[in-house]
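A closer look at the structure
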Amino acid sequence: MSEVNILGVWSADPADIFTPKPVFVSSEPFAIVIEVNLDVDPPFFSNSLTATWIMGTPRIDPYTTSWYTVLDGGDASLMPTVVFDWDFSWDYRKRGKNFVVWISFDHYSDAVSQILGGEKFDGLFYVMGTIESRGEYYFGVSDKYWYRAIPAS
Amino acid sequence: MAEHESKTLIEHLKSGRKVELPPRKPGNFGTTESRPTKPSQPADKERG
């Protein structure tokens, strides 16, 4: 065990974040949950953490319907990940060393709003999570959790 | 997918269309204690 351990990451319905959900229609609510364990002792650890959620596609090929985006000025680029981060505090002395940190969207389509490409809502993708302590060198990294996106009919 | 969007990057490049960077939609962030013994709503929401 290291100081910051990620016990799991999964996609979920925001109304039921503790139940992993591997299939989403693009119009459905969507969340990514990171489960964290802090294996630390006071007072050597700050409460300041940064969570990063990574959505990724394994298919990166300009001749297929892979994710891409258009940059200012009109340039376009393949875009294999969508990344969100959040600085937050977790007072583990009062609230315990095990917690989850999550990001949610009203619709799956909102999470990939910057993405273009034919398989934007159609394919197998993954989510990952990382946690960094701000002020120390501790960090944790998750494995990949795979999910399927389906276009709304 | 909007009608003007190309399905592949190559199609987009060949089209010569000028498309603006699609806007990013904000998410909601939150934390809560791990795996409560009974279901509960997530706490400490923040719009980001």
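Quick caveat: nothing in here was measured; it's all calculated off a predicted structure.

Considerations on the overall build of chain B
Of regular secondary structure, chain B possesses 1 helix and 2 strands. Each helix and strand of chain B, ordered N terminal to C terminal, gives the series α-β-β. Expressed as a percentage of its 48 residues, the buried residues of chain B come to 19%.

Some details on the overall build of chain A
If you tally the helices and strands in chain A, you get 2 helices and 11 strands. From first element to last, N terminus to C terminus, chain A shows the α and β order β-β-β-β-β-β-β-α-β-α-β-β-β. Dimensions along the principal axes, computed over C-alpha positions, put chain A at roughly 55 × 35 × 25 Å. When the 153 residues of chain A are sorted by exposure, 39% land in the buried category.

Notes on the interface of chain B and chain A
At the junction of the two partners, chain B supplies 27 residues and chain A supplies 37 residues. A per-element tally of the side of chain B that touches chain A places strand 1 (residues 28-33) of chain B first, with 6 residues. Of the residues that constitute the side of chain B that touches chain A, the class distribution is 10 nonpolar, 9 polar and 8 charged. Pairing of strand 8 (residues 98-105) of chain A with strand 1 of chain B involves 6 bridges; the strand directions are antiparallel. By the bridge assignment, Val 101 of chain A is partnered in strand 1 of chain B with Thr 31 of chain B.

Re the confidence of the model for chain B
Summarising the model, chain B shows a mean pLDDT of 77, and 65% of its residues fall at 70 or more. In the predicted complex, the global pTM is 0.90; the interface-specific ipTM is 0.89.

Topic: the nonpolar core
Residues and elements named next belong to chain A. Val 33 and Ile 34 are the most contacted members of the largest nonpolar core, which totals 45 residues. Here the element with the most residues in this core is strand 3 (residues 30-38); it accounts for 7 residues. Those residues in contact with Ile 34 that lie beyond four places of it in its chain are Ile 6, Val 9, Ala 51, Val 100, Val 101, Gly 129, Ile 131 and Ser 142.

A word on the environment of Ile 60 of chain A
All names here are of chain A. Along the chain, Ile 60 turns up in the loop between strand 4 (48-56) and strand 5 (68-70). C-alpha separation for the pair Ile 60 and Pro 20, spaced 40 residues apart in sequence, amounts to 26 Å. Ignoring anything within four residues of it in the chain, the contact list for Ile 60 reads Ser 66, Leu 78 and Pro 80.

Some thoughts on the environment of Ile 131 of chain A
Residue and element names in this part refer to chain A. Tracing the backbone through its elements, the reader meets Ile 131 in strand 9 (residues 123-133). We classify Ile 131 as buried; it has 23 C-beta atoms within 10 Å. Along the primary structure Ile 131 and Ser 142 are separated by 11 residues, whereas in three dimensions their C-alpha atoms are 8.9 Å apart. Aside from chain neighbours lying at most four places away, what touches Ile 131 is Val 4, Ile 6, Ile 34, Val 36, Leu 49, Ala 51, Phe 139 and Gly 140.

Focus on the pairing of strand 4 of chain A
In the case of a regular strand, side chains alternate between the two sheet surfaces. Residue and element names in this part refer to chain A. Pairing of strand 4 with strand 7 (residues 81-89), which is carried by 9 bridges, proceeds in the antiparallel orientation. Bridging from a neighbouring strand, Met 55 pairs with Val 82 of strand 7. Bridge analysis of strand 4 against strand 9 gives 8 bridges, and the strand direction is antiparallel. Bridged to Trp 53 within strand 9 is Gly 129.

Basis of the calculations
Residues numbered from 1 in each chain as written. Chains lettered and ligands numbered in written order. Predicted model: local features only at pLDDT ≥ 70, side-chain atom pairs only at ≥ 80, totals over all residues. Helix = DSSP H or I, 4+ residues; strand = E, 2+ residues; numbered from the N terminus. Buried ≥ 20, exposed ≤ 12 C-beta atoms within 10 Å, placed from the backbone. Contact = placed C-beta atoms within 7 Å. Nonpolar A, V, L, I, M, F, W, Y, C, P; charged D, E, K, R; others polar. Pairing = 2+ DSSP bridges. pLDDT = per-residue confidence, 0-100. Core = buried A, V, L, I, M, F, W, Y, C linked by C-beta atoms within 7 Å.

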